[in-house]
Amino acid sequence: MAYAYEYPRPALTVDCVVFGLDEGELEVLLIRRGIEPFANRWALPGGFVRLDETLEAAARRELEEETGLSKVFLEQLFTFDAIDRDPRERVITVAHYALVKLSDHKVRAATDAADAAWFAISDLPELAFDHAQIFDVALERLRGKVRYQPLGFELLPRKFTLTQLQRMYEVILDRPLDKRNFRKKILGMELLVELDEVQKDVAHRAARLYKFDDRRYRKLVKQGFSFEI
């Protein structure tokens, strides 16, 4: 194979910050590295980009290979290029973040990952490489975008209660929301479909279930609608 030039060049990787919501708590998916460097340390899923794939394809492949996750919401985050970020060689990584409905996916470790597990964002272990910095940037991106785009619905079950919805926003934004004002605003957008169903197998009074109307949202956006929490 011919190369454009013969000088040393950096390697390219992708890393993925995967967020999930478990019983109202925001969590991130980590893998325990099975190889050096940082063997047995927790890290973000990721790996080297192949010559025949795009960045997004590489990120999705690494996610599936290392954690078993597929068909998830995925968006490019930022490029991290500190010269000494990887002890092996000069490596530039293009980070992505993903949002996962935990009920729809089963996590399993594979390839060079010795283990894969969910951790509460408030109780993360020490991470390999510069992955703590990547996580911080991803969390700030999520907190910013969730207020202006309905990304949070990617974390909820397809059918949810208004309490679950409010709790999701409170956890991500890290602040309480007034119940009355929140419900008035979210219902006033007319993006939720009230279902003829209530919660099942709960100790308290069963709450009404709703679902997000993605088709209506896309139609409203074309008309100039602005989503804001």
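If you're wondering where the values come from, they're calculated on a predicted model, not measured in any experiment.

### Points about the layout of surface pockets
Then step 1. Reported here for the largest pocket is a volume of approximately 450 Å³.
Then step 2. Lining the largest pocket are 19 residues; nearest its centre among them are Pro150, Phe153, Glu154, Phe212 and Asp214.
Then step 3. At the level of secondary structure, the elements contributing two or more residues to the lining of the largest pocket comprise β5 (73-80), β9 (208-212) and α5 (214-222).
Then step 4. At 4 residues, α5 tops the list of elements feeding residues into the lining of the largest pocket.
Then step 5. Residues of the lining of the largest pocket, tallied by class, amount to 10 nonpolar, 1 polar and 8 charged.

### A few points about the domain arrangement of the protein chain
Then step 1. Assigned domains within the protein chain: domain 1 (11-147) and domain 2 (156-223).
Then step 2. Computed over C-alpha atoms only, the centres of domain 1 and domain 2 are separated by 28 Å.
Then step 3. Contact with domain 1, which involves 9 residues of that partner, is made by 11 residues of domain 2.
Then step 4. Carbon and sulfur atoms make up 67% of the surface buried where domain 1 meets domain 2, a total of about 910 Å² over both sides.
Then step 5. The largest share of the area that domain 1 buries against domain 2 comes from Leu21, Arg143 and Val146, three residues that together contribute 46% of it.
Then step 6. The interface formed by domain 1 and domain 2 holds 1 salt bridge in total.
Then step 7. One salt bridge connects arginine 167 with glutamate 25, and the closest N-O pair in it is separated by 2.8 Å.
Then step 8. At the boundary of domain 1 and domain 2, one finds 3 residue pairs in polar contact (both at pLDDT 80 or more).

Rules used in this analysis
- Residues numbered from 1 in each chain as written.
- Predicted model: local features only at pLDDT ≥ 70, side-chain atom pairs only at ≥ 80, totals over all residues.
- Heavy atoms only, no water.
- 1 Å grid on protein atoms, 1.4 Å probe; cavity = no way out; pocket = protein on both sides within 12 Å on 5 of 7 lines; lining within 4 Å.
- Points joined across faces, edges and corners; volume = space filled by probe spheres on them.
- Helix = DSSP H or I, 4+ residues; strand = E, 2+ residues; numbered from the N terminus.
- Nonpolar A, V, L, I, M, F, W, Y, C, P; charged D, E, K, R; others polar.
- Domains from an automatic or database assignment.
- Contact = heavy atoms within 4.5 Å.
- Buried area = accessible area lost by both parts, 1.4 Å probe.
- Salt bridge = Lys/Arg side-chain N within 4 Å of Asp/Glu carboxyl O.
- Polar contact = N/O pair within 3.5 Å; in protein donor to acceptor, adjacent residues only side chain to side chain.

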